Amino acid sequence: MTDKPTLNLNVKKEYLKGVKKIAVMSGKGGVGKSTIAANLAIWLAEVKHEKVGLMDIDITGPNIPKLLGIEDEKLMVEDKKIVPFPATENLLVTSMAFLLPTKDSPVIWRGPLKIKAVQQFIQDVNWEGIKYLIIDLPPGTGDEALSIAQELKPLDGSVIVSTPQEVAVLDVRKNISFAKQLEVPVAGIVENMSYLKCPHCGEKIEIFKRGAVKKASEELDVPLLGELPLDPEVTAASDVGKFYIIENKETEFSKAFNGIASKIKDFVDK
Ligand SMILES: Nc1ncnc2c1ncn2[C@@H]1O[C@H](COP(=O)(O)OP(=O)(O)O)[C@@H](O)[C@H]1O
Ligand SMILES: [Mg+2]
């Protein structure tokens, strides 16, 4: 580790050189972006045994620590670098939540400050040794998404999350044109909360009208990576910071997630 001053751009290049960088985005909040980002990181770290960084860039609503059950942790500084929190041996996490004085503290920042925070998470964090970096973005195509696309150029892939409703799909189109404009490769779209399986008879209940995500993926020529069911156990696990896909390997959610994660890995590894 070096002893150089913190905002040294060479440090960023060193640590993130050769690292596969994957951004998870969506137009709306509450569609499952953080759930998918966290599970992708868990999958790479615990199923594929790779060293993974998970960067929670949702500055105003950082949820990753809660999803991973590490919300009471704080980040340490060593040799003038922020040390990401090891959720497991292979999974290193940074989040704005770790820097807030209490869980209920809101962050009220304007654009330039957000950009500065994003730059700091890239430049001042010791990401040494990771092979993949998963970035959990806030909804939309605002300051954080823009600075990630610019600061981490070239990103290796982006994953766009949508729920089946037409309004959510409208945002997918915006995400895709944003990615194209910034030359961010799109690995594909994940349709989340696609259906609910009746716990009594096993019938698939399609809560929202389906088909719009598939249609958008075809029209925009972007792969549909898979469809994840709405599974109340997933919500319950994330509320208490459990690694659902590791503890419940045989469920429909976990199997579908496995397929999606493999496709994303193949996309960025090629
Ligand atoms: N497929 C799913 N089944 C059940 N609950 C889900 C699913 N996807 C996400 N959730 C839940 O929905 C809520 C919002 O998800 P989150 O990942 O925080 O969304 P976003 O990051 O897009 O705002 C969380 O409580 C999460 O546990
Ligand atoms: Mg989120």
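Keep in mind that what you see is a predicted model, and the values were worked out from it rather than measured.

### Comments concerning the environment of Pro 199
Thought 1: Tracing the chain through its elements places Pro 199 in the loop between strand S10 (196-197) and strand S11 (204-205).
Thought 2: On the basis of relative accessibility, which here comes to 73%, the residue Pro 199 falls in the exposed class.
Thought 3: The spacing of Pro 199 and Ile 189 is 10 residues in sequence and 27 Å in space, taken between C-alpha atoms.

### What to know about the pattern of salt bridges
Pairing between side chains of opposite charge can happen when their charged atoms approach one another.
Thought 1: Across all of its chains, the model carries 14 salt bridges by this definition.
Thought 2: Its salt-bridge partner being Lys 131, residue Glu 50 comes within 3.4 Å of it at the nearest N-O pair. Placement of the pair is Glu 50 in the loop between helix H2 (33-47) and strand S2 (52-56) and Lys 131 in the loop between helix H4 (111-123) and strand S7 (132-136), with a sequence separation of 81 residues.
Thought 3: In this structure, the salt-bridge partner of Arg 210 is Glu 206, at a minimum N-O distance of 3.0 Å.
Thought 4: A relative accessible area of 45% means that Glu 206 is categorised as partly exposed.
Thought 5: Members of the salt-bridge network, linked through shared partners, are Glu 191, Glu 206, Arg 210 and Glu 227.

### Structural notes on the nonpolar core
Thought 1: Counting 83 residues, the largest nonpolar core has Leu 54, Leu 68, Ile 134, Ile 135 and Ile 148 as its most contacted members.
Thought 2: Element by element, the count of residues in this core is highest for H2, at 9 residues.
Thought 3: Those residues within four positions of Ile 135 in sequence are excluded, and the remaining contacts are Lys 21, Ile 22, Ala 23, Val 24, Met 55, Ile 57, Ile 148, Leu 152 and Leu 155.

### A short note on the sheet that holds strand S8 (residues 157-162)
Two modes of strand pairing occur in sheets, parallel and antiparallel, and in both the strands are linked by backbone hydrogen bonds.
Thought 1: In space, the 8 strands of this open sheet follow the order S5-S6-S2-S7-S1-S8-S9-S12, with mixed pairing throughout. A strand with exactly one partner marks an edge of an open sheet, and here the two such strands are strand S5 (85-88) and strand S12 (224-227). Between one strand and the next, the sheet's axes are offset by a mean angle of 25 degrees, whatever the strand orientation.
Thought 2: With 5 bridges joining them, S8 and strand S9 (residues 186-191) adopt parallel strand pairing. Looking at S9, one finds that Val 159 is bridged to Gly 188.
Thought 3: Its contacts with the sheet place H2 against strand S1 (20-25), S2, S5, strand S6 (91-95), S7, S8 and S9, and it is angled at close to 165 degrees to S7.
Thought 4: In this fold helix H10 (residues 252-269) packs onto S1, S7, S8, S9 and S12, with an angle of close to 165 degrees to the strand it touches most, S12.

### Details of the environment of Gly 142
Thought 1: Tracing the chain through its elements places Gly 142 in the loop between S7 and helix H5 (143-151).
Thought 2: The exposure class of Gly 142 is partly exposed, given its relative accessible area of 35%.
Thought 3: Taking C-alpha positions, Gly 142 is 20 Å from Asp 156, a pair spaced 14 residues apart along the chain.

### Notes on the packing of helix H6 (residues 166-181) against helix H7 (residues 212-220)
Thought 1: At a closest axis distance of 9 Å, the pairing of H6 and H7 adopts a crossing angle of 25 degrees. With respect to each other, H6 and H7 are oriented roughly parallel. The interaxial crossing formed by H6 with H7 has right-handed handedness. Where H6 approaches H7, its residues Glu 166, Val 169, Arg 173, Ile 176 and Lys 180 are matched on the opposing element by Ala 212, Val 213, Ala 216, Glu 219 and Leu 220.

### Focus on the site of ligand 1
Thought 1: In the vicinity of ligand 1 there are 16 residues, among which Gly 30, Lys 33, Thr 35, Thr 235 and Ser 238 approach most closely.
Thought 2: Note that a nitrogen atom of ligand 1 is positioned 2.9 Å from one of the side-chain N or O atoms of Asn 192.
Thought 3: Thr 235 places a polar side-chain atom, nitrogen or oxygen, 2.8 Å from a nitrogen atom of ligand 1.
Thought 4: The protein chains hide 85% of the 560 Å² of surface that ligand 1 would expose on its own.
Thought 5: A molecule is said to occupy a pocket when more than half its atoms come within 2 Å of that pocket's grid points, and by this definition ligand 1 occupies the largest pocket.

How each quantity is defined
- Residues numbered from 1 in each chain as written.
- Chains lettered and ligands numbered in written order.
- Predicted model: local features only at pLDDT ≥ 70, side-chain atom pairs only at ≥ 80, totals over all residues.
- Heavy atoms only, no water.
- Helix = DSSP H or I, 4+ residues; strand = E, 2+ residues; numbered from the N terminus.
- Buried < 20%, exposed > 50% of the residue type's maximum accessible area, 1.4 Å probe, protein only.
- Salt bridge = Lys/Arg side-chain N within 4 Å of Asp/Glu carboxyl O.
- Core = buried A, V, L, I, M, F, W, Y, C linked by side-chain atoms within 4.5 Å.
- Contact = heavy atoms within 4.5 Å.
- Pairing = 2+ DSSP bridges.
- Axes fitted to C-alpha atoms, helices over the stretch in contact; angles between N-to-C directions.
- Parallel < 35°, antiparallel > 145°, perpendicular 65-115°, else oblique.
- Left-handed = near helix turned anticlockwise from the far one by under 90°.
- Near = heavy atom within 4 Å.
- Polar contact = N/O pair within 3.5 Å; in protein donor to acceptor, adjacent residues only side chain to side chain.
- Areas by Shrake-Rupley, 256 points an atom, 1.4 Å probe, with all protein chains shown as cover.
- 1 Å grid on protein atoms, 1.4 Å probe; cavity = no way out; pocket = protein on both sides within 12 Å on 5 of 7 lines; lining within 4 Å.
- Sits in = over half its atoms within 2 Å of the grid points.

Nothing here speaks to function; it is all geometry.
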